[in-house]
Amino acid sequence: MNDYDIAIIGGGLVGASLAVALGGSSLRVVLIEAGAPPAGNPAWDERCIALNDASSRIFTGFGVWDPMRPAAAPIAATHISERGRFGTARFTAAEAGLDALGYNVPLRAIGAALSARMAGLSNLTLLQPARLSALALAPDGATVNLKVETDKGAQTISARLAVAADGANSAVRDLLGIEAERRDYGQQAIVSSVRLSRPHLGVAYERFTPDGPIALIPKPEDAASLVWTLPDAQIEERMALNDAGYLALAQEAFGGRLGRFTALGRRWAHPLARVMSGSLTAPRTVFIGNAAQSLHPVAAQGFNLGLRDVAALAGEIANAPDPGAAEVLGAYAELRQRDRGRVSAFTDLMVRTFSNRVPLLAQARHWGLVAVELAPSLRQAVLLQHLGHLGLPKPAGVYSSTELVPSPLGGEGQGEG
Ligand SMILES: Cc1cc2nc3c(=O)[nH]c(=O)nc-3n(C[C@H](O)[C@H](O)[C@H](O)COP(=O)(O)OP(=O)(O)OC[C@H]3O[C@@H](n4cnc5c(N)ncnc54)[C@H](O)[C@@H]3O)c2cc1C
């Protein structure tokens, strides 16, 4: 009863997406999640995540996009600028031949769509709340044994493949003694929502300031997600301000493009670090999502990248005779290396370039924005990256893109773009 093909450790957005991706396959899957299921009703200030075009296609392929779509706010354009300088870069859905560059979706809506789908999967066992406490390769090397603590006591499970989807501080990584490269950015992101006095028209704004970037991402109606990245030293004071005081400072940093900020929602502060797992695989074990790489949110790439991990892994294991075989895991790692390297390097470069006050670098980034706006080939490369198409298992041509990402169970080959 406790023998599975796949044990997914961590039922956050990435682990749950993999469970859904494998629904309908012949694999017996167990999902082990430490936290209790989230509760909560829609609220105007609920937390959202910006999904790019590739992610909405992947979710469509998994059959979960339709239920979350009604809660999603389309992003028609993005506008990137630096405070005090005229250089800007703008991208529109129209130039990409798409209805939207991406969507800002409440975490609750993504979670609800994934949970509803998981509840109907006959090949999935959900252990929640349950915490992985030990993991070891079986002596014959054909399975991994996992010890899981539940409220009914400890259980031992065996699986042909363990998938670590247990976040940036991965317990699996620690249990296996795999090193991770960590860089603390000395910054935190304060996430909240604001109401606007002018319509946002579906435009997402990223504005770089000397203290850190401030992003406004459209939500339904007259609201937007506000993500304000600041040095650690300023966080306590900003979190302690009353709403009016915080709104006034945010308004000053963002400017008046969207009129006045008229109301502020709850605030959450997230410390920011880059954590790169030293390896994407170990014997009969594989890492996906934040357990593989956790990035600064400046470019809104973390979950989008993790979802491409899911699509690639599901494609490799769904029809493999032995999903934990070394060659299967090797193929997955090879498939993901380029996308992972490119997106993590790009994100890190953005953080470092824009939080640097050296005057020469300020000039360089100013002209960088101008170049992105004016040079067609650079512009197209950044746009493709933005849409997530460069990392799609099968890249869709952006400018004539109607084709959907195939379901991982459809047996389509996966090729790096
Ligand atoms: C401020 C901010 C804004 C962001 N905005 C965006 C955005 O707009 N777009 C985007 O693409 N990305 C964004 N990201 C990144 C995105 O949130 C993450 O990449 C994504 O949520 C990671 O999901 P995950 O499932 O890999 O990890 P997690 O969400 O960390 O989930 C890991 C799960 O594993 C469970 N777990 C841990 N240890 C164990 C154990 N021992 N046993 C069992 N279970 C365990 C945990 O309970 C948890 O549920 C943002 C991040 C931040 C901080």
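Presented here is a report on the structure given in the accompanying data block. Bear in mind the structure is a predicted one, so any value in this text is a computation, not a measurement. (Residues numbered from 1 in each chain as written. Predicted model: local features only at pLDDT ≥ 70, side-chain atom pairs only at ≥ 80, totals over all residues. Heavy atoms only, no water.)

**A few points about the nonpolar core**
- Counting residues in hydrophobic clusters, the biggest one holds 52 residues, and the most contacted among them are Phe59 and Met68.
- Per element, the largest residue contribution to this core is 8 residues, and it comes from helix α8 (residues 302-317).
- Apart from the residues lying within four places of it in its own chain, the contact partners of Phe59 are Ser17, Leu51, Val64, Trp65, Met68, Ile110, Leu114, Phe303 and Leu307. (Core = buried A, V, L, I, M, F, W, Y, C linked by side-chain atoms within 4.5 Å. Buried < 20%, exposed > 50% of the residue type's maximum accessible area, 1.4 Å probe, protein only. Helix = DSSP H or I, 4+ residues; strand = E, 2+ residues; numbered from the N terminus. Contact = heavy atoms within 4.5 Å.)

**Re the site of the ligand**
- The local shell around the ligand holds 29 residues, among which Glu33, Ala50, Asn290, Phe303 and Asn304 are the closest.
- Within the contact set of the ligand, an oxygen atom lies 3.1 Å away from a backbone nitrogen or oxygen of Val14.
- In the model, an oxygen atom of the ligand is placed 3.4 Å from a nitrogen or oxygen of the Ala300 main chain.
- Relative to its unbound accessible area of 1000 Å², the ligand is 81% covered by the protein chains.
- Partitioned by chemical class, the residues of the shell around the ligand number 16 nonpolar, 9 polar and 4 charged. (Near = heavy atom within 4 Å. Polar contact = N/O pair within 3.5 Å; in protein donor to acceptor, adjacent residues only side chain to side chain. Areas by Shrake-Rupley, 256 points an atom, 1.4 Å probe, with all protein chains shown as cover. Nonpolar A, V, L, I, M, F, W, Y, C, P; charged D, E, K, R; others polar.)

**Quick word on the side chain of Thr229**
- With respect to the helices and strands, Thr229 occurs in strand β15 (residues 223-231).
- Setting aside residues no more than four positions away along its own chain, Thr229 makes contact with Gln187, Gln188, Ala189, Asp211, Gly212, Pro213, Leu272 and His296.

**Describing the sheet that holds strand β4 (residues 73-75)**
- Strands sit in the order β3-β7-β4 across an open sheet of 3 strands; the sheet is antiparallel. The sheet is open, and its two edges are formed by β3 (48-52) and β4, each paired on a single side. Across the sheet, the mean angle from the axis of one strand to that of its neighbour is 25°, orientation sign disregarded.
- Taken together, the 3 bridges between β4 and strand β7 (residues 102-106) define a ladder with antiparallel strand orientation. (Pairing = 2+ DSSP bridges. Axes fitted to C-alpha atoms, helices over the stretch in contact; angles between N-to-C directions.)

**Topic: the packing of helix α2 (residues 53-62) against α8**
- Relative orientation of the contacting elements α2 and α8 amounts to 40°, with a least axis distance of 10 Å. Relative to α8, α2 is oriented oblique. Note on packing geometry: the crossing formed by α2 with α8 is left-handed. Along its contact with α2, which presents Ser55, Ile58, Phe59 and Phe62, the element α8 presents Phe303, Asn304, Leu307, Arg308, Val310 and Ala311.
- Across the contact of α2 with α8, the residue classes break down as 7 nonpolar, 2 polar and 1 charged. (Parallel < 35°, antiparallel > 145°, perpendicular 65-115°, else oblique. Left-handed = near helix turned anticlockwise from the far one by under 90°.)

**A look at the pattern of salt bridges**
- Summed over all chains, the structure comprises 16 salt bridges.
- Between Glu46 and Arg108 there is a salt bridge whose closest N-O contact spans 2.6 Å. One end of the pair, Glu46, is in the loop between β2 (29-32) and β3; the other, Arg108, is in helix α4 (residues 107-119), with 62 residues separating them in the sequence.
- Residue classification places Glu46 among the buried residues on the basis of a relative accessible area of 13%. (Salt bridge = Lys/Arg side-chain N within 4 Å of Asp/Glu carboxyl O.)

**What to know about the packing of aromatic side chains**
- For the coordinates displayed, the defined rule picks out 5 aromatic pairs.
- With a centroid separation of 5.9 Å and 35° between ring planes, the pair formed by Phe254 and Phe261 is classed as tilted.
- You can call Phe254 buried: its relative accessible area is 1%.
- The class for Phe261 is buried, based on a relative accessible area of 6%. (Phe/Tyr/Trp six-rings, centres within 6.5 Å; stacked < 30°, edge-to-face > 60°.)

**Regarding unusual backbone geometry**
- Here Gln128 and Pro129 are connected by a cis peptide whose omega angle stands at -5°.
- Phi is positive for Glu221, close to 60°, though the residue is something other than glycine.
- Structurally, Glu221 can be placed in the loop between β14 (212-218) and β15.

**Notes on α8**
- The end-to-end C-alpha distance of α8, which contains 16 residues, comes to 23 Å, matching closely the 22 Å that a straight helix rising 1.5 Å per residue would cover.
- By the criterion of burial, α8 is predominantly enclosed, with 14 of the 16 residues buried. (Expected span 1.5 Å × (residues − 1).)

**Side note on the packing of helix α1 (residues 13-21) against α4**
- Here α1 crosses α4 at 35°, and the two axes come no closer than 9 Å. Like other packed secondary-structure pairs, α1 and α4 cross with a definite hand, here left-handed. The residues of α4 that touch α1, namely those facing Leu13, Ala16, Ser17, Ala19 and Val20, are Leu107, Ile110, Leu114, Arg117 and Met118.
- A per-class count over the contact of α1 with α4 returns 8 nonpolar, 1 polar and 1 charged.

**Remarks on the pairing of strand β9 (residues 130-137)**
- Taken together, the 7 bridges between β9 and strand β10 (residues 144-150) define a ladder with antiparallel strand orientation. Directly across from Leu137, in β10, lies its bridge partner Val144.

**Description of α1**
- The buried fraction of α1 is high, at 8 of 9 residues.
- By the burial criterion, the buried members of α1 are Val14, Gly15, Ala16, Ser17, Leu18, Ala19, Val20 and Ala21.

Note that all results are geometric; they support no functional claim without further evidence.
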